[in-house]
Amino acid sequence: MLLSIVIFLPLLGVIAIALLRGLGANAVKWIALGIGLLTFVISIRLYTEFDTANVGFQTNSEVYQKLDWIPGIGASYHIGIDGISLWLVLLTTFLTPICIIAAWNSVEKGLSGFMMSLLALETGMLGVFCALDLFLFFVFWESMLIPMYFLIGIWGGERRIYATIKFVLYTMAGSALMLVGILALYFQNNNSFDITTLQGQFEPSNLLFLAFFIAFAIKVPLFPFHTWLPDAHVEAPTVGSVILAGVLLKMGTYGIVRFCLPLFPEAAAHYTPLIVTLAVIGIIYGALVAMVQPDLKKLVAYSSVSHLGFVVLGLFSQNGTAIQGSVLQMVNHGLSTGALFLLVGMIYERRHSRMIVDFGGLAKKMPIFATIFLIVTLSSIGLPGLNGFVGEFMILLGSYVGGAFSKWYVVLATTGVILAAVYMLWMFQRVMFGTPDDINASLPDLKPREIAVLLPILLFIFWIGVGPNTFLEPMAASVKEIEAKVRVIPETPAVGQVNQMDTDDAVVDVKTATLKINEEEALSK
Amino acid sequence: MALQYYLILSALLFTIGVIGVLVRRNAIIIFMCIELMLNAANLAFVAISRNLGTAEGQLFVFFVMAVAAAEVAIGLAIIVSVFKHRETINVDEVNSLKG
Amino acid sequence: MPLEIPDINWSLLMPQLVIVSTLLIVLVFDMFDAISKKTLGWMTIVGAGIALWSSIDLLQAGTDQTQFNEMFRIDSYSLFFNIIFLVSTILVALVSISYLGSGDKKQGPYYLLILLATLGMMLMAAGNELIIVFLGLELMSLSLYVLASYFRESPASSEAGMKYLLLGAFASAFFLYGIALVYGAAGTTNIPEIISKLSVGDQLSLLSESPLFLAGIFLLIVGFGFKVAIVPFHQWAPDVYEGAPTTIAAFISAGPKAAGFAAFLTIFVDALPKLPTQATGVIVLLAMLTMTVGNVIAIAQTNIKRMLAYSSIAHAGYVMIGLAAANPDGKSSAMLYLFIYCVMNIGAFGVVIMARTADGENLMISDYAGLGFRKPLLAMFMTLMLLSLAGFPPTAGFVGKLYVFKSAVEARHYWLVIFGAINTAISAFYYLRVVVTMYMREPEEELEFKPYPPTLVIGLVLAAIGILLIGILPSLLLDQAQSAVQSALL
């Protein structure tokens, strides 16, 4: 029941807001926030009750649930979590109340509709991460499109209609293929949609793999399916961008971990060179394009393309460490990029511009803003001690040492880390340093509400950076299981445990060195 | 006489009807061509029925004749109503609906 | 020859008898000026409601019998279709009551014709004999020709009526000639007998390759193709929908299409596996063409009624997928889809009727700009109907599509399903465009909308509840459709 409550509580909030919208804007906000926080608090119990020894899905009856839904076609209401989905569920329940607070005063029209969309979106996303029935999964996967469509389309920027339609059509084209794949699996799975019983060989495995993979690759988005993302991000309202980058994109990578890899290991291995090439192109391309973006939001959007390239690289490495890193990196990216979008949104509310050239010298007038921005920027770059480092490091290390592909891919991908430092710090320098003009000088610093939005994220940025084992341990068993399923290459020597990684000084040195170079660059300008 | 002659005749009548519908532009003439098609079917029914030695086909013809009569009544009424508005029943000129 | 009068079990004919008596009552009461014309609408609703109730009753009793020397079949298949027709009729009547206004003298014949058309549909679904199907088809079509041209003072309505009449009668002639040829080849017009003659034991019989028979089958496909508006026999549909009174457009798009498919499915789902494979190929090709052409042309439409017309063409294509699958699941999925389609399409037309100003209806999609915040109820209904038409979960449209696709995958028509799935994505584009217009664009001029008529709101609420309920708990309907097909197999 616990998990069902977490999933459907936000939907209850939607109904409550629909019924009580007459009470005024404040009531609507507080209801939404209350529901959001309550969902988060309840979802923490998913973590405390989590049994790390359990390899597959949690068997605890509080979490695992299976009820007949449409017996006529063998679909059931079947939910549960494992170490991978746990973190994505928590990420979702964590980011939603933050988004509600972030949107507190920034929604001008249709506030109740906004909050309803946000909460409905939360239910959809949680459902995707928890569904253990392909039919249920697809229902959540598709239904989450509608609130997102409204969020971007109604509360978005000027070209919102173009962006929202592009977003929906891209996703729908992908899910159309996935639907065919799901139906084909259904008949090979004894007329059942049950994910837990899916195993063995599916024919034609390459085509089925692609049917699923393309749908997820569009969502990730993997180069060259990424073109919807910058449009959607730029036009979406701040909160929409946070959810989009924080959670929605993870649905793509989650789908890869949950379906593409364990169900079609051979097809996955067959396409690995192609996919990894695309991922590396995405890493470098995203970074290069981010570097020349004049628009802050577009910059962050393209940095997402680059970061998620790392995640895909790690997922296809057939190496446990790298896969674990990828899963952690999903959460990291959700936190750092989410925070970046929030910060960009806050500065946009003050300056009504997102163009980097319009800014300069903010650090003097807005010290709190600048500090937080710096921390988040460093986290996004992957500074040791912050969350981004752990994930990226594990991905690169794991796929370098035990990856199923040439080491050159990893070397090329590592340049992405350097490029990330370049574009992020260069952006930071242009926005924060220098002498402020009159308008920039008059901008007020962050209000307590805004700090309250950001502080919880900062907490986790540090926590994951310093004590990643809290997060890595629960997912270890699930990742191992996936690794065992996908491993078609001969066993390679396992890499040391994660908590020993600090000992690998070489790579750390490279990173800190890069950082130093960039800081020097920044200072010299 | 063998069945096929009747069927060939009915097929010819039917084809003439189809061509008439496709070629002629006057609504009344189109309507007459449709009647011709129905009667071609009637001819086929009667001939087949006779050939099989069952009464079913003969019976159907009565139904079809009744239906055709009803169709004519309704059809002419509608065509008259169109004529009242447009002063023409050329189907190419009655074309206000398109998109 | 001694005349045998077959035993007739009148209780099995309850739904049809109720409709006949209702239409007689409507006919008589129409003569009294003292009776408000709205009452006639309510009589129609009550009559159709009783017929609906008795259909459900018979369905639950598991009735499976034939009447009138096996010409008329009362089994769960025909009863399920009765439910589709009667639900459509009730919804259309609810929507019509306010649409026609109470002062209009001509309402008696209007409801009379709707009931006659409903009776014709019920005959089509229950027909066990091609000639009964033909009579039902004609009864329905003749009523609809009149209804389409019902607004005599409107040139558009008359024109719609004429186009519908000419093409409809043309199609009927094809259909009839097809029956004649099938009769000539098979020696009977009884549908189960024809199908059983197609095979001898496990082998296909000579009949299945007889040119006369195949020509007849081809003509039947053409005739049905016109009636249910599949590409390339669809040209009449947009013109008729645009010109006809909107309530009638809703009616034509729903019940008659379902009725056409009811007969189509009866004949073809069982016959297709016994025909040369080219026949299945033709159906698959028609399904692909219908979906694609319908959806692609719908994108270009600016008039909402025409858009819905092309969308309903595309939906016929989805039903054809179930037909092409030609397995029990295909049949029940097509039935389920038709039910869902009828409810959501009438709902969409209902919202078009709801958006009325003093000048009449607002038919251009651009007129809907800004309704999302100024007319939240209307916009909400429209959004729900369109999302369902586009096949988003958790609406009924999604369940329908998924089930249709599933049956086709089972029959290994993978390409057909991929086509259908891609078409779903295309269709989302134009459905969502209306939603975009409502919520995301500012209106060019402030339009004064008339207040919502209560009966219309009741109709839409019922449709909306139906769509959501079936979307969330599909078993309610799915089990019925499946058992309807299962019982026919036993």
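This structure is a prediction, so every number in the text was calculated from the model and none was measured.

What follows deals with the overall build of chain C. Looking only at helices and strands, chain C has 19 helices and six strands in total. Computed over its C-alpha atoms, the radius of gyration of chain C comes to 22 Å, within 12% of the 23 Å expected for a compact globule of 490 residues. Along the three orthogonal principal directions, the C-alpha set of chain C runs to about 70 × 55 × 40 Å. Buried residues in chain C amount to 65% of all 490 residues.

Attention now goes to the overall build of chain A. From N to C terminus, chain A includes 21 helices and two strands. Taken along its principal axes, the extent of the C-alpha atoms in chain A is 70 × 60 × 40 Å. In chain A, which comprises 525 residues, the share counted as buried stands at 60%.

Right, let's get into the interface of chain A and chain C. Chain A puts 29 residues into the contact, and the matching count from chain C is 28 residues. Sorting elements by how many residues they give to the side of chain A that touches chain C places helix α7 (residues 160-188) of chain A first, with 15 residues. In terms of residue class, the side of chain A that touches chain C is built from 22 nonpolar, four polar and three charged.

Attention now moves to the confidence of the model for chain C. All names here are of chain C. Residues at a pLDDT of 70 or more form 97% of chain C, whose mean pLDDT is 87. Within chain C, the lowest mean pLDDT, 70, falls on strand β6 (residues 360-361), and the highest, 92, falls on helix α5 (residues 130-148). Scored as a whole, the predicted complex attains pTM 0.88, and scored at its interfaces, ipTM 0.95.

Quick look at helix α2 (residues 25-48) of chain A now. Residue and element names in this part refer to chain A. A rise of 1.5 Å per residue sets the reference length of α2, with its 24 residues, at 34 Å; its end C-alpha atoms lie 35 Å apart and thus fit the reference within 8%. Along α2, the positions that sit buried rather than exposed are V28, K29, I31, A32, I35, G36, T39, F40, S43 and L46. Summarising the contacts, the buried residues of α2 are in contact with α1 (2-20), α3 (83-102) and α4 (111-130).

Before going further, it helps to examine the pairing of strand β1 (residues 65-70) of chain A. Residues and elements named next belong to chain A. Examined bridge by bridge, β1 and strand β2 (residues 75-79) share five bridges and lie antiparallel to one another. Its bridge partner being in β2, K66 is matched across the sheet by H78. Hairpin connection of β1 to β2: four residues between the antiparallel strands, including G74 at a positive phi of 75°.

Taken together, the 36 residues of chain B in the interface contact 34 residues of chain C. Those elements that place two or more of their residues in the side of chain B that touches chain C are α1 (3-23), α2 (27-52) and α3 (56-86) of chain B. In terms of residues, the side of chain B that touches chain C owes the most to one element, α3(B), which gives 16 residues. Classifying every residue of the side of chain B that touches chain C gives 25 nonpolar, seven polar and four charged.

On to the nonpolar core. As a rule of thumb, soluble globular proteins bury nonpolar side chains together. C260(A), A41(B), A148(C), Y177(C), L323(C), A324(C) and L338(C) are the most contacted members of the largest nonpolar core, which has 450 residues in total. Here this core takes 21 residues from helix α6 (residues 155-186) of chain C, the largest share from any one element. Apart from residues no more than four positions distant in its own chain, L323(C) is found in contact with F264(C), L265(C), F268(C), V269(C), I283(C), G330(C) and A334(C).

Cis peptide bonds are those with omega within 30 degrees of zero, and the linkage from V220(A) to P221(A) qualifies with -10°. For P221(A), the location among the structural elements is in the loop between α8 (205-219) and α9 (228-235). Cis geometry is found at the peptide bond from V231(C) to P232(C), where omega equals 5°. Following the sequence through the fold, P232(C) ends up in the loop between α8 (211-228) and α9 (236-243). One non-glycine residue, A326(C), lies in the positive phi region at around 50°. Judged by the 25 C-beta atoms lying within 10 Å of it, A326(C) is buried. We note that R412(C) has phi near 65°; this positive angle belongs to a residue other than glycine. Position of R412(C) among the secondary structure elements: in the loop between α16 (396-410) and α17 (414-440). By the C-beta count within 10 Å, which is 12 here, R412(C) ends up exposed.

Compared with the 28 Å implied by 1.5 Å per residue over 20 residues, the 29 Å span of α4(A) between its first and last C-alpha is a close match. Most of α4(A) is tucked away: 20 of the 20 residues are buried.

Residues and elements named next belong to chain A. It is at 11 Å that the axes of helix α15 (residues 367-381) and helix α19 (residues 448-466) come closest, and there the two elements cross at 35°. The interaxial crossing formed by α15 with α19 has left-handed handedness. Here I368, I372, I375 and S379 of α15 lie close against α19, whose contacting residues are I451, L454, L458 and I461. Looking at side-chain class alone, the contact of α15 with α19 contains seven nonpolar, one polar and no charged residues.

Right, let's get into the packing of α16(C) against α17(C). Residue and element names in this part refer to chain C. Look at α16 against α17: their axes get within 8 Å of each other, and the N-to-C directions meet at 160°. Relative to α17, the element α16 lies roughly antiparallel. Note that α16 runs across α17; the crossing there is left-handed. From α16, K401, F405, A408 and V409 reach across to α17, where they touch Y414, L416, V417, G420, A421 and T424. Broken down by class, the residue content of the contact of α16 with α17 amounts to seven nonpolar, two polar and one charged.

Our next topic: the confidence of the model for chain A. Confidence along chain A averages 83 in pLDDT terms, with 92% of residues attaining 70 or more. In the model, residues 491-511 of chain A has pLDDT below 50 throughout and makes 21 contacts with residues more than four positions away in sequence or in other chains.

So, about the environment of K109(A). Residue and element names in this part refer to chain A. If you trace the backbone, K109 turns up in the loop between α3 and α4. On the basis of neighbour counts, which here come to 10 C-beta atoms within 10 Å, the residue K109 falls in the exposed class. Sequence spacing of K109 and V242 is 133 residues, and the spatial spacing of their C-alpha atoms is 20 Å.

The next thing to look at is the environment of T247(C). Residue and element names in this part refer to chain C. Following the sequence through the fold, T247 ends up in helix α10 (residues 246-271). Taking C-alpha positions, T247 is 7.7 Å from I353, a pair spaced 106 residues apart along the chain. The residues touching T247, leaving out its near neighbours within four places in the chain, are V92, V95, S96, Y99 and I353.

A few words on the environment of P444(A). Relative to the assigned elements, P444(A) resides in the loop between α18 (438-441) and α19. Separated by 75 residues in the primary sequence, P444(A) and F369(A) place their C-alpha atoms 9.7 Å from one another.

Conventions and cut-offs
Residues numbered from 1 in each chain as written. Chains lettered and ligands numbered in written order. Predicted model: local features only at pLDDT ≥ 70, side-chain atom pairs only at ≥ 80, totals over all residues. Helix = DSSP H or I, 4+ residues; strand = E, 2+ residues; numbered from the N terminus. Rg over C-alpha atoms; globule rule 2.2 N^0.38 Å. Buried ≥ 20, exposed ≤ 12 C-beta atoms within 10 Å, placed from the backbone. Contact = placed C-beta atoms within 7 Å. Nonpolar A, V, L, I, M, F, W, Y, C, P; charged D, E, K, R; others polar. pLDDT = per-residue confidence, 0-100. Expected span 1.5 Å × (residues − 1). Pairing = 2+ DSSP bridges. Core = buried A, V, L, I, M, F, W, Y, C linked by C-beta atoms within 7 Å. Axes fitted to C-alpha atoms, helices over the stretch in contact; angles between N-to-C directions. Left-handed = near helix turned anticlockwise from the far one by under 90°. Parallel < 35°, antiparallel > 145°, perpendicular 65-115°, else oblique.

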